[in-house]
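Coordinates in review
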Amino acid sequence: MRSNALNISHNFSRHVIVEKRKPLGAENLHGLLHAIKNSYSISFLYEKYSGGDLRRRVVNPVALKESQHRWYLLAEDPKGGIVKSFGLDRLSGLEISNKKFEPVAYEAEKEYRHSFGIINGVESRPEKIVLSFTPREGKYIQSLPLHHSQKEILKTDKEWQFEYYLLPTHDFIMEVLSYGADVKVLEPESFRNKVLKQLQAALDRY
């Protein structure tokens with residue numbers, strides 16, 4: 001399980017600088033992988049940041065997903081048969097049982113192919129989204145695409161335009177906002193309005 005692009009030995013630690021911040025919950029990665037591979041049910045205490053309550057959850061682990069330097073567990077809730085995501089940074093007291101469960105018919109790669117981040121947007125459909133970047137920022141976007149569906153559709157000395165086909169989730173809105181004045185949403189109008197709404201809300205806080 002990688003945590004950095006390079007596994008730097010002590011001999012090279014003075015010459016290669018890697019991110020020092022580490023996400024909480026990474027210590028559970030190997031235990032969760034063991035449970036996933038062997039189809040063992042697990043239980044843990046989980047805290048929702050929005051509510052603050054701490055609850056014991058019993059689930060059937062399916063897969064692990066990385067998003068924005070954080071790790072998430074995708075697991076089936078046996079009570080409803082629904083696969084949910086759990087942030088490892090909010091997970092504690094992990095217990096791996098010896099109780100096996102039937103393999104879950106869930107293809108994580110397929111479910112997230114049109115997603116950006118951890119929100120899979122099961123209640124919405126992917127859309128064509130066109131973004132315009134400044135030429136300088138466009139070079140960065142070209143070298144490290146925001147999404148695997150990225151296509152360059154226009155390149156001039158004034159702007160670079162990229163087209164995407166994905167779900168217009170909150171995660172992607174936050175990513176677009178992170179580019180500040182270097183990006184502009186061209187289409188669709190519905191996504192453009194969502195970004196404008198978030199920008200206005202940010203201004204209102206000042």
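Further up the page is the structure itself.
What comes next concerns the included structure. (Residues numbered from 1 in each chain as written. Predicted model: local features only at pLDDT ≥ 70, side-chain atom pairs only at ≥ 80, totals over all residues. Heavy atoms only, no water.)

An order of β4-β3-β2-β1-β5 is seen for the five strands of this open sheet, with the pairing classed as antiparallel. With one partner strand each, in any of the chains shown, β4 (82-87) and β5 (91-100) form the two edges of the open sheet. Taken pair by pair, the neighbouring strands of this sheet meet at an average axis angle of 45 degrees, ignoring direction. Of the pairings in the sheet, the one linking strand β1 (residues 40-47) to strand β2 (residues 54-67) comprises six bridges and is antiparallel in character. If you follow Y46 over to β2, its bridge partner there is R55. Contacting β1, β2, β3 (70-77) and β5, helix α1 (residues 29-38) crosses the sheet at an angle of about 90 degrees to β2. (Pairing = 2+ DSSP bridges. Helix = DSSP H or I, 4+ residues; strand = E, 2+ residues; numbered from the N terminus. Axes fitted to C-alpha atoms, helices over the stretch in contact; angles between N-to-C directions. Contact = heavy atoms within 4.5 Å.)

With four bridges joining them, strand β7 (residues 151-155) and strand β8 (residues 160-166) adopt antiparallel strand pairing. Residue K151 lies in a different strand from β8, and its bridge partner there is E163. Hairpin connection, β7 to β8: the antiparallel pair is bridged by four residues.

Turning next to the sheet that holds strand β9 (residues 183-187). Taken together, the four strands give an open sheet; going across it, the order is β7-β8-β6-β9, and neighbouring strands pair in antiparallel fashion. Looking at which strands have only one partner, the edges of the open sheet turn out to be β7 and β9. Adjacent strand axes in the sheet meet at a mean angle of 30 degrees when their direction is disregarded. Most of the contacts of helix α4 (residues 170-177) go to strand β6 (residues 127-133), to which it runs at about 10 degrees, and overall it touches β6, β8 and β9.

Mapped onto the fold, Q161 is located in strand β8. With a relative accessible area of 14%, Q161 lands in the buried category. Apart from residues lying up to four places away in sequence, Q161 is in contact with V130, L131, S132, K151, E152, I153, L154 and L186. (Buried < 20%, exposed > 50% of the residue type's maximum accessible area, 1.4 Å probe, protein only.)

For the pair α4 and helix α5 (residues 189-204), interaxial distance at closest approach is 10 Å and the crossing angle is 65 degrees. Between α4 and α5, the crossing angle belongs to the class labelled roughly perpendicular. Like other packed secondary-structure pairs, α4 and α5 cross with a definite hand, here right-handed. When α4 is examined against α5, the residues H170, F172, I173, M174, V176 and L177 are found in contact with a partner set consisting of F191, K194, V195, Q198 and L199. Residues belonging to the contact of α4 with α5 are distributed by class as follows: eight nonpolar, two polar and one charged. (Parallel < 35°, antiparallel > 145°, perpendicular 65-115°, else oblique. Left-handed = near helix turned anticlockwise from the far one by under 90°. Nonpolar A, V, L, I, M, F, W, Y, C, P; charged D, E, K, R; others polar.)

For the rest of this paragraph, the subject is α4. Of the residues making up α4, those classed as buried are D171, F172, I173, E175 and V176. Of the surrounding secondary structure, the elements contacted by the buried residues of α4 are β6, β8, β9 and α5.

Position of S132 among the secondary structure elements: in strand β6. When its relative accessible area of 9% is taken as the criterion, S132 is described as buried. At a separation of 2.3 Å, a polar atom in the side chain of S132 contacts the side chain of E159. With near-sequence residues (within four places) excluded, S132 lies in contact with E159, W160, Q161, D182, V183, K184 and L186. (Polar contact = N/O pair within 3.5 Å; in protein donor to acceptor, adjacent residues only side chain to side chain.)

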